[in-house]
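Breakdown of the fold
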2 protein chains.
Amino acid sequence: MSRLDSFIRRLEAQRSCLAVAAELVGPLDGPVLELGLGNGRTYDHLRELFPERDIFVCEREVHAHPDCIPPAELLLLGDMRDTLPAACGLLGGRVALAHLDPGTGDAAASRALATALAPLIAPLLRLGAVLVSEPALATDELETLPLPPGVRPGRYHLYRRVSRISPRS
Amino acid sequence: MSRLDSFIRRLEAQRSCLAVAAELVGPLDGPVLELGLGNGRTYDHLRELFPERDIFVCEREVHAHPDCIPPAELLLLGDMRDTLPAACGLLGGRVALAHLDPGTGDAAASRALATALAPLIAPLLRLGAVLVSEPALATDELETLPLPPGVRPGRYHLYRRVSRISPRS
């Protein structure tokens, strides 16, 4: 499969997972959290999916398309390893849906970031909230959800925020 | 339609148009010409479609994925307004398929570039060659071809190199 084919499948997987997640969190109150703005394409899609919700955006430096710049009061500017803990007062236990796509193009760097971020993202999510993520995340407060049809396992990930899962007896 | 939706459709249109073009140029000899390398995704796709052909690549500066760097002898490095005329000795009337996607994200800049490049690209193409282009091009040596099913008119373009079309009498 060419990189073009693979990229199209990844974007389609992202869109399908966001659609499923949007349905799942329909009954939940709370803002949306976009972890990584990039060029703003997914942010624009989130605005369409969630016209009534605040969409907070984490980004180190904004280089998005001019139509896709979040309002300053919803922008958490800086390294997510700093901004997510700092946002706990504002967002802790409130976020209904979060989306993580570091989009580094470097699988190893993306996995390392996911490992660092998982314990920082989970406390921001309310119980039942959904996290849509390109890299896999592991923390005992996130339960893996089934992927929508057509999305190959591992291409994208869906998680639900649960109470800390007890170790199996 | 969100920018994510629009981007997915553009990539799908590109892939469909390249598939049609590959069939059309099957009987023609000649190299492939990628006008703009970018991250190298489409170049990688062209390598899959044309494993037996040389793929020449025009790019100002190479910033592609390490797996998608063309061999130095097939790379035309510099501004296409300079490199295309200079390549006429090597490629003039030989290219079987060319693909143009400036990918500037700026529609006006893309159209201006297309206007400047059309008269430089046409002489490189052999008769019957196909040009797949994101921006529309107009020169009387390029005849518009029908788009594959599912591609909205204007989203991508297919042209065939013909003898200079005579003005209608």
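Quantities reported herein were computed from a predicted structural model and do not represent experimental measurements. (Residues numbered from 1 in each chain as written. Chains lettered and ligands numbered in written order. Predicted model: local features only at pLDDT ≥ 70, side-chain atom pairs only at ≥ 80, totals over all residues. Heavy atoms only, no water.)

Regarding the relation of the copies chain A and chain B
- The two copies are related by a screw motion: chain A maps onto chain B through a turn of 180° and a shift of 0.0 Å along the axis, at an RMSD of 0.0 Å. On this basis, the relationship between the two copies can be described by a two-fold rotation axis. Among all C-alpha atoms of chain A, that of A:Ile8 lies closest to the rotation axis, at 3.3 Å.
- A shared interface surface links the copies, since 100% of the contact residues of chain A are contact residues in chain B too. (Least-squares fit on C-alpha atoms with pLDDT ≥ 70 in both. Contact = heavy atoms within 4.5 Å.)

Some words on the pairing of strand S5 (residues 125-133) of chain B
Residues and elements named next belong to chain B.
- Here strand S4 (residues 95-100) pairs with S5 via five bridges, running parallel. The residue of S5 that forms the bridge with His99 is Val132.
- Looking at chain direction, S5 and strand S7 (residues 157-161) are connected through four bridges and run antiparallel. Looking at S7, one finds that Val132 is bridged to Leu158. (Pairing = 2+ DSSP bridges. Helix = DSSP H or I, 4+ residues; strand = E, 2+ residues; numbered from the N terminus.)

Brief notes about the packing of helix H2 (residues 41-49) of chain A against helix H1 (residues 3-24) of chain B
- Running from N to C, H2(A) and H1(B) cross one another at 125°; their axes reach a closest spacing of 7 Å. Considering the angle they form, H2(A) stands oblique to H1(B). Residue-level contacts link A:Arg41, A:Asp44, A:His45 and A:Glu48 of H2(A) to B:Arg3, B:Leu4, B:Asp5 and B:Phe7 of H1(B).
- A breakdown of the residues in the contact of H2(A) with H1(B) according to their chemical character gives two nonpolar, one polar and five charged. (Axes fitted to C-alpha atoms, helices over the stretch in contact; angles between N-to-C directions. Parallel < 35°, antiparallel > 145°, perpendicular 65-115°, else oblique. Nonpolar A, V, L, I, M, F, W, Y, C, P; charged D, E, K, R; others polar.)

Structural notes on the interface of chain A and chain B
- With 18 residues of chain A at the contact, the number on the chain B side is 18 residues.
- Summing the contributions of chain A and of chain B, the shared interface buries around 2,000 Å²; its carbon and sulfur component is 58%.
- For the chain A face of the interface with chain B, the top three residues by lost area are A:Arg3, A:Leu4 and A:Arg41, together amounting to 34%.
- Between the two partners, chain A and chain B, sit four salt bridges.
- Between A:Asp67 and B:Arg3 there is a salt bridge; the shortest N-O distance is 3.0 Å.
- The interface formed by chain A and chain B includes 14 residue pairs in polar contact (both at pLDDT 80 or more).
- When residues of the side of chain A that touches chain B are traced back to their parent elements, those giving at least two are helix H1 (3-24) and H2 of chain A.
- The biggest single contributor to the side of chain A that touches chain B is H1(A), with nine residues.
- Across the side of chain A that touches chain B, the residue classes tally to six nonpolar, four polar and eight charged. (Buried area = accessible area lost by both parts, 1.4 Å probe. Salt bridge = Lys/Arg side-chain N within 4 Å of Asp/Glu carboxyl O. Polar contact = N/O pair within 3.5 Å; in protein donor to acceptor, adjacent residues only side chain to side chain.)

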